[in-house]
Amino acid sequence: MSYIRDVLNEEHDGSAVHLRGWVYRTRSSGKLSFIVLRDSTGIIQLLASTRKLQDDKYREISSLTIESSLEVMGILRKDDRAPTGYEVEIEDFKLYQRNENYPITKDQGEEFLLDNRHLWVRSREFTAMMKVRSTVFKAFADFYFKHGYYEVHTPFMVSTAAEGGSTLFKVPFFDEEVYLTQSSQFYLETMIFSLENVFTIAPSFRAEKSRTWRHLTEYWHGEVEAAWLHNEDMMQVEEQMIEYIVQEVVKNNTEELNALGRDVEFLKRIKAPFRRIRYADLIKMTESWGLGMKYGDDLGADEERAIMVHFDQPIFVTHYPSKLKTFYHMPDPDNPDEILCHDMLAPEGYGEIVGGGERISDLNLLEKRMEDYGLNKDNYYWYLDLRRYGSVPHSGFGLGLDRLVLWILHLDNIKEAIPYPRTIRRTKP
Ligand code: ATP
Ligand code: MG
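The notes below deal with the structure included here.

Rules used in this analysis
- Residues numbered from 1 in each chain as written.
- Chains lettered and ligands numbered in written order.
- Predicted model: local features only at pLDDT ≥ 70, side-chain atom pairs only at ≥ 80, totals over all residues.
- Heavy atoms only, no water.
- Near = heavy atom within 4 Å.
- Polar contact = N/O pair within 3.5 Å; in protein donor to acceptor, adjacent residues only side chain to side chain.
- Areas by Shrake-Rupley, 256 points an atom, 1.4 Å probe, with all protein chains shown as cover.
- 1 Å grid on protein atoms, 1.4 Å probe; cavity = no way out; pocket = protein on both sides within 12 Å on 5 of 7 lines; lining within 4 Å.
- Sits in = over half its atoms within 2 Å of the grid points.
- Helix = DSSP H or I, 4+ residues; strand = E, 2+ residues; numbered from the N terminus.
- Nonpolar A, V, L, I, M, F, W, Y, C, P; charged D, E, K, R; others polar.
- Points joined across faces, edges and corners; volume = space filled by probe spheres on them.
- Buried < 20%, exposed > 50% of the residue type's maximum accessible area, 1.4 Å probe, protein only.

**Comments concerning the site of ligand 1**
Consideration 1: Surveying the vicinity of ligand 1 reveals 16 residues, the closest of which are Arg 206, His 215, Leu 216, Glu 352 and Ile 353.
Consideration 2: A distance of 2.9 Å separates a nitrogen atom of ligand 1 from a polar side-chain atom of Glu 208.
Consideration 3: In the environment of ligand 1, an oxygen atom lies 3.4 Å from a nitrogen or oxygen atom belonging to the backbone of Val 354.
Consideration 4: For ligand 1, the accessible surface in isolation is 590 Å², of which the surrounding protein chains cover 86%.
Consideration 5: Among the detected pockets, ligand 1 sits in the largest pocket.
Consideration 6: Of all the secondary-structure elements, those providing two or more residues to the shell around ligand 1 are strand E11 (218-227), strand E17 (351-358) and strand E18 (394-400).
Consideration 7: Per-element accounting of the shell around ligand 1 gives the leading share, four residues, to E17.
Consideration 8: Among the residues forming the shell around ligand 1, the class breakdown is five nonpolar, five polar and six charged.

**So, the layout of surface pockets**
A probe as big as a water molecule, rolled over the atoms, marks out the empty space that is left.
Consideration 1: As a volume, the largest pocket reaches approximately 1000 Å³.
Consideration 2: Taken together, 43 residues form the lining of the largest pocket, with Glu 163, Arg 206, Glu 208, Lys 325 and Glu 352 sitting closest to its centre.
Consideration 3: It is E17 that contributes the most residues to the lining of the largest pocket, five residues altogether.
Consideration 4: Considered class by class, the residues forming the lining of the largest pocket number 13 nonpolar, 17 polar and 13 charged.
Consideration 5: Lining the second largest pocket are 18 residues; nearest its centre among them are Ile 104, Thr 105, Lys 106, Trp 120 and Ser 123.
Consideration 6: Looking at the lining of the second largest pocket, the elements with two or more residues in it are strand E1 (16-29), helix H4 (117-120) and helix H5 (124-146).
Consideration 7: Grouping the amino acids of the lining of the second largest pocket by side-chain chemistry returns seven nonpolar, three polar and eight charged.

**Here's the deal with the environment of Gly 164**
Consideration 1: Note that Gly 164 resides in the loop between strand E7 (157-158) and strand E8 (169-173).
Consideration 2: On the accessibility criterion, Gly 164 (31% relative accessible area) is partly exposed.
Consideration 3: Taking the C-alpha atoms as reference points, Gly 164 and Pro 273, separated by 109 residues in sequence, lie 32 Å from one another.

See below:
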């Protein structure tokens, strides 16, 4: 038994081959029937004819409908008219399932395809996306393993909020209530005191009420925390990581990128270092683009889209006014109204893919910031303990992995970058 890719790469005209998969397309003309077979690695044309098959066998195979599953034995023939340059003349076959009506046909609407996502995940374009996504997740982990980081795992059911109350999901938990985690950051921070450099890949949950093209309520979050690193050190790690992931996709997924119409040359040019722009300077730059922004305005999806059409590499935006971010960010000693943080914004209008920075390591300062934000310190006793016992400077970040896939593939909506998108209106299938 072989995969289609291996047959196409390794076998020759006249080889006997044995394949299995699903019917992708069919075309019949009297005594000849063409079936395009699909497996996880590619497609190949099969030829069924009464020359090789008994009448009843021929009738069985020539009437197959798409997505039926089968196994075929046959002879490989070079044929320039076939979609992948070869054809397999069928000598025998075994049907696993003959389908009646496959629900997905051409030109179906977005909602129908979302209702039938469990079938749509078989489509060629979705398969290409999932292969790229797989490379992105692997490359993220590989990058950190290569740099001496440890992978750790942290709880999804938590009793402390990392990113503010408005997007918390509450879940009944016996006689209490817990939240679904918005970020693994605080737990990662606890682990730098033993492992120093840690990462995790885990879902984060956010009750995002404003529906945008880049928000999910459940998304995959690549998070890193490292002892001793300052804001600038962490940006250097991140730009190397993003370059590495993008170039791994270019190296391993050219076929998928081409199938999805992505400009591969553009991706090849993504190279560290990325430009650093202070928030205040960025606001000045936006004046010349007529965006009508002033110091203190937050950057949302629309603003970042308008800004990032002007760049063809990711950029870091640093030194946000502290009131735009949450409590744990380290104030800039030269100007305590701004913080030592960074967002990485993706080019071509995609905007934020990473949020990170240096964490406050001083107990008194952190307690003061929690008071300013109206947080109950008792809930965070363990987070504060990290500043009581052996505190060290440290930095970290969170990368939205679905958003990274969205940008790398130049997709229109984050729902196209994940198999089962969870949004305010959708939890099925
Ligand atoms: P945004 O401003 O776009 O809502 P955020 O600043 O709230 O994002 P962070 O708390 O900094 O996001 O989270 C870290 C990263 O996680 C973001 O840079 C982004 O890539 C990703 N992310 C955040 N929220 C979502 C979401 N709802 N869906 C998908 N990815 C998300
Ligand atoms: Mg952010």
